[in-house]
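Overview (structure and organization)
Each chain is listed here by its residues.
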Amino acid sequence: IKTNKVMFAELPEVFNHFISVRSFISNYNNLQKNAKAKSSWIKDSSKQVVIKTLSNLDKIGAKNALSYVIRNSDNNFALNQDGEPQSLREIMKDWSKDFTHKKNAKEVLHLAFCIDEQNDEYHTNEIKLKRAVEAVMQKNFFLYKYAMVIHSHQSKPHAHILLNKNNILDGQKFHLSNAEFKLFFNQLRNDFAMALNTQGLKYHNHYKIEQDLNKIQNQIKE
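Since the model is a prediction, treat every value here as computed from it, not as a measurement.

**Observations concerning the sheet that holds strand 3 (residues 78–80)**
- Strand order in the open sheet made by the six strands is 2-5-7-6-3-4, with antiparallel pairing throughout. One side of each edge strand has no neighbouring strand; the edge strands of this open sheet are strand 2 (50–57) and strand 4 (85–86).
- Sheet analysis places strand 6 (residues 146–151) next to strand 7 (residues 158–164), joined by six bridges and oriented antiparallel. Bridging across to strand 7, valine 149 finds its partner in histidine 160.
- Against the sheet, helix 5 (residues 178–198) contacts strand 2 and strand 5 (108–114), and its axis sits at roughly 135 degrees relative to strand 2.

**Details of the environment of phenylalanine 77**
- With respect to the helices, strands and loops of the structure, phenylalanine 77 is situated in the loop between helix 2 (59–71) and strand 3.
- Along the primary structure phenylalanine 77 and glutamate 90 are separated by 13 residues, whereas in three dimensions their C-alpha atoms are 9.5 Å apart.
- Residues contacting phenylalanine 77, with those up to four places away along its chain left out, are Ile70, Pro85, Gln86, Ser87 and Val149.

**Looking at the pairing of strand 6**
- Of all the six residues making up strand 6, five are buried; the element is thus mostly covered by neighbouring parts of the structure.
- With two bridges joining them, strand 3 and strand 6 adopt antiparallel strand pairing. Note that in strand 6 the partner of leucine 79 across the bridge is methionine 148.
- Hairpin remark: strand 6 followed by strand 7, antiparallel, with six residues in the connecting loop.

**As for the nonpolar core**
- Grouped together as the largest cluster of nonpolar side chains are 29 residues, with contacts concentrated most on Phe113, Val133, Met137, Phe141, Ile161, Phe192 and Leu196.
- Of all the secondary-structure elements, those providing two or more residues to this core are strand 5, helix 4 (124–140), strand 6, strand 7 and helix 5.
- For isoleucine 161, the contacting residues outside a window of four places in its chain are Leu109, His110, Leu111, Phe113, Val133, Met137, Tyr146, Ala147 and Met148.
- Counting residues in each nonpolar core, the second largest holds 15 residues, with Leu57, Ala62, Met92 and Trp95 among its members.

Calculation criteria
- Residues numbered from 1 in each chain as written.
- Predicted model: local features only at pLDDT ≥ 70, side-chain atom pairs only at ≥ 80, totals over all residues.
- Heavy atoms only, no water.
- Pairing = 2+ DSSP bridges.
- Helix = DSSP H or I, 4+ residues; strand = E, 2+ residues; numbered from the N terminus.
- Contact = heavy atoms within 4.5 Å.
- Axes fitted to C-alpha atoms, helices over the stretch in contact; angles between N-to-C directions.
- Buried < 20%, exposed > 50% of the residue type's maximum accessible area, 1.4 Å probe, protein only.
- Core = buried A, V, L, I, M, F, W, Y, C linked by side-chain atoms within 4.5 Å.

Without other data, these values stay purely geometric and don't point to any function.
Structure (structure tokens):
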């Protein structure tokens, strides 16, 4: 429909008002500019949080992985879910009671929580990392046993988590579908970023923001 001033699009009403093509395009372009500016600001002011899923292990693989991470740490023990130091033997003896002992059963999930910070002589960033990971685990895995080992032998500290997938109360195994896995670990990254921020480090989970912006832009294009 053409008038002397502007062309109006035959689009659905929004809040009971017609939207002009000019206004629609202007708003869409502004959205893109603001999205890019917001994205740039986030990237400049903070760092992307990282949680890696390293492996899904049977009991033998779990023992080997735990042995490796302890051997490459500054200590000869791991911290359990209660913050208590335990040796490899103590952990495996305790966890063995929870395992199904079925052939090739996946009993333990191996995760790594990583930060983009340098090691220092006072272990400041290691302490902050430890506290942040403990907060995330307490919020999301409070019904599961786990072992945590901090590594500082590389240039940047990171925390290894070996999660006993068997629920403490009912013995049900921790399991997620593909769709649930993406949502759960996105929330896990959000929680990790927030926990790091409370420790004075600046982190964000930018993946979710990008997804939301893409979703909005796709809706506008339809």
